[in-house]
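Spelled out from the first residue to the last, the chains are:
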Amino acid sequence: MERTALVLGASGGIGGAVARRLLASGWTVRALAREGSMARLPAGVAPVAGDAMDARAVLQAARGAALVVHAVNPPGYRDWDRLVLPMLDNTVAAARANGARILLPGTVYNYGPDAFPLIGEDAPQNPATRKGRIRAEMERRLREAAQTGETQVLVVRAGDFFGPQAGNSWFAQGLVPPGRRPRAIRNPAARGVGHQWAYLPDVAETMVRLVERGELGGFERFHMEGHWDADGTRMTGAIVEALGSPAVPVRPLPWWALRLAAPFNETVRELLEMRYLWRRPVRMTNARLVARLGEEPRTPLAEAVRATLAANRCLA
């Protein structure tokens with residue numbers, strides 16, 4: 001395998017984590033990024049100036065790559081309906097031209113209530129939200145591209161991200177905003193409702209292990225279990241423990257305030273669309289992943305939470 005990868009979205013959380021893990025494994029990693037995000041790229045990547053909406057720029061950046069990591073999203077969830085699919089089409093065209101594998105970080109948005117509460121990789125994708133329909137269309141296009149034999153696709157789906165550099169996440173935007181020790185921890189979950197979390201370094205480790213095993217078919221999906229919070233208090237409890245004395249109180253997230261802000265803030269509107277994932281348990285199962293790798297990489301929750309809080313400058 002030619003060990004060159006192109007990462008789209010390397011200045012973000014999951015893209016950056018995968019880029020760092022590929023570098024640690026000896027890959028040459030290129031990162032296509034706009035000028036304004038170059039400073040946030042991981043050390044060691046080869047920066048390539050460009051935009052994921054520019055088909056020619058993506059094609060040139062992918063030249064000679066064996067892997068294209070499609071981890072790019074519109075910032076702040078803005079213009080999803082206008083930008084997401086054209087960006088993916090550019091990735092598919094570039095991967096086809098190079099015979100490269102596409103690696104996509106998947107989401108649970110693809111699934112609707114008919115697949116809940118336990119979701120396997122082959123569950124029907126009947127999403128109930130606009131964002132979910134777009135994500136399902138992304139995977140439909142990827143499957144169609146893989147069927148031509150000109151590219152291969154790997155989708156790894158996980159719960160809500162947390163970890164260093166996971167700024168665009170429920171952990172950092174909802175529970176504990178970065179920059180200072182919190183006065184309170186805001187819990188979005190309904191009382192007694194479980195939620196699934198995924199630590200970014202574990203997700204990146206899983207993705208790279210799968211890529212490097214070399215036993216993948218043309219189109220493969222794997223789900224991670226990550227950290228299952230069975231009643232919605234395990235994550236907040238780990239945060240309280242990591243913050244130490246004096247104990248920080250846990251309070252419900254004021255959804256009413258988000259509803260008031262929604263007409264004026266597109267990011268808030270998109271977050272509200274996902275509230276259903278906090279009102280009922282939705283859990284992806286990892287049997288296929290464990291069968292392939294023998295185990296799921298999993299950092300202990302206490303260690304992962306403390307590392308996240310330290311990176312976000314939330315510890316005293």
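Our subject is the structure that appears above.
Our subject in this report is the structure included herewith. (Residues numbered from 1 in each chain as written. Predicted model: local features only at pLDDT ≥ 70, side-chain atom pairs only at ≥ 80, totals over all residues. Heavy atoms only, no water.)

### Looking at the pattern of salt bridges
Reasoning step 1: Applying the stated criterion across every chain, the model contains 20 salt bridges.
Reasoning step 2: Arg 3 is paired through a salt bridge with Glu 212; the nearest N and O atoms lie 3.2 Å apart. Taken together, the residues Arg 3 in the segment before strand E1 (4-8) and Glu 212 in helix H6 (residues 200-213) connect sequence positions 209 residues apart.
Reasoning step 3: Arg 140 is paired through a salt bridge with Glu 137; the nearest N and O atoms lie 2.8 Å apart. Highlighted residues: Arg 140 and Glu 137, both in helix H4 (residues 130-147), separated by three residues, approximately one helical turn.
Reasoning step 4: For Arg 140, a relative accessible area of 43% corresponds to the partly exposed category. (Salt bridge = Lys/Arg side-chain N within 4 Å of Asp/Glu carboxyl O. Helix = DSSP H or I, 4+ residues; strand = E, 2+ residues; numbered from the N terminus. Buried < 20%, exposed > 50% of the residue type's maximum accessible area, 1.4 Å probe, protein only.)

### As for the packing of aromatic side chains
Reasoning step 1: Summed over all chains, the structure comprises eight aromatic pairs.
Reasoning step 2: A centroid spacing of 5.7 Å and a plane angle of 20° characterise the contact between Phe 162 and Phe 171, whose relative ring orientation is stacked.
Reasoning step 3: Judged by its relative accessible area of 0%, Phe 162 is buried.
Reasoning step 4: Taking 5.3 Å as the distance between ring centres and 70° as the angle between the ring planes, the aromatic pair formed by Trp 170 and Trp 278 counts as edge-to-face. Of this pair, Trp 170 sits in helix H5 (residues 170-175) while Trp 278 sits in the loop between helix H9 (266-273) and strand E14 (283-284), and the two are 108 residues apart along the sequence. The same class applies to Trp 170 and to Trp 278, which are both buried.
Reasoning step 5: Ring-pair connections join several aromatic residues into one group, and the members of that group are Phe 162, Trp 170, Phe 171, Trp 197, Tyr 199, Trp 255 and Trp 278.
Reasoning step 6: In this arrangement the basic side chain of Lys 131 is found over the ring face of Tyr 109, its NZ or CZ atom lying 5.6 Å from the centre. (Phe/Tyr/Trp six-rings, centres within 6.5 Å; stacked < 30°, edge-to-face > 60°. Lys NZ or Arg CZ within 6 Å of the ring centre and 35° of its normal.)

Purely spatial values, then, with no claim about function.
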